[in-house]
Amino acid sequence: MMNFVVKTLANAGALGVAIWLLQDITLTGESTGKKALTLILVALVFGLVNFLVKPVVKLLTLPLFILTLGLITLVVNALMLLLTSWLADQLDLSFHVEGFWTAVLGGLIISVVSWALNVVLPDGD
């Protein structure tokens, strides 16, 4: 359970950094508390997308992974971020990613920051 909380907080932190750095990834809300809650909910959606959808997409695009020496990972991460944005819109969460190239850059930022946070944060059982 602790590992789930740590990974969700790492995702929320990584999403927060991407929102802060890129003007085309937006999170709106009336108050800081509402924004923080929305960010945690979006991090949960993002975690579910990465847990459920990403392995299937990786399996289906395995030949492209081999052909591009793994660079297709950037595209897969961008698609997962765009799917998260679409699901957030469906769930009436105020999170939006504008455009594919913004999603590619956002996915790269989120991957690096999430990796760094997972290194620093404790790994509970």
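Notes on the structure follow. (Residues numbered from 1 in each chain as written. Predicted model: local features only at pLDDT ≥ 70, side-chain atom pairs only at ≥ 80, totals over all residues. Heavy atoms only, no water.)

A closer look at unusual backbone geometry
With a phi angle near 55°, Leu69 is a residue other than glycine that sits in the positive phi range. In this fold, Leu69 is placed in the loop between helix H4 (62-67) and helix H5 (72-90). Given a relative accessible area of 78%, Leu69 falls into the exposed group. One non-glycine residue, Asp92, lies in positive phi territory at about 60°. (Helix = DSSP H or I, 4+ residues; strand = E, 2+ residues; numbered from the N terminus. Buried < 20%, exposed > 50% of the residue type's maximum accessible area, 1.4 Å probe, protein only.)

As for the environment of Gln23
With respect to the helices and strands, Gln23 occurs in the loop between helix H1 (2-21) and strand E1 (25-27). C-alpha separation for the pair Gln23 and Gln90, spaced 67 residues apart in sequence, amounts to 22 Å.

Topic: the packing of aromatic side chains
Applying the stated criterion across every chain yields a total of 1 aromatic pair. Taking the centre distance of 5.1 Å and the plane angle of 75° together, the rings of Phe100 and Trp101 count as edge-to-face. (Phe/Tyr/Trp six-rings, centres within 6.5 Å; stacked < 30°, edge-to-face > 60°.)

Quick look at the nonpolar core
Counting 29 residues, the largest nonpolar core has Leu15, Ile25, Leu81, Phe95 and Ile110 as its most contacted members. Elements with a contribution of two residues or more to this core: H1, E1, helix H2 (32-52), H5, strand E2 (95-97) and helix H6 (100-120). Leave out the neighbours within four places in its chain, and Leu81 touches Leu15, Ile25, Phe46, Phe95, Val97, Ala103, Gly106, Gly107 and Ile110. (Core = buried A, V, L, I, M, F, W, Y, C linked by side-chain atoms within 4.5 Å. Contact = heavy atoms within 4.5 Å.)

A few points about the side chain of Ser114
Note on placement: Ser114 falls in helix H6. On the basis of relative accessible area, Ser114 is assigned to the buried category, the value being 12%. Aside from chain neighbours lying at most four places away, what touches Ser114 is Ala10, Asn11 and Ala14.

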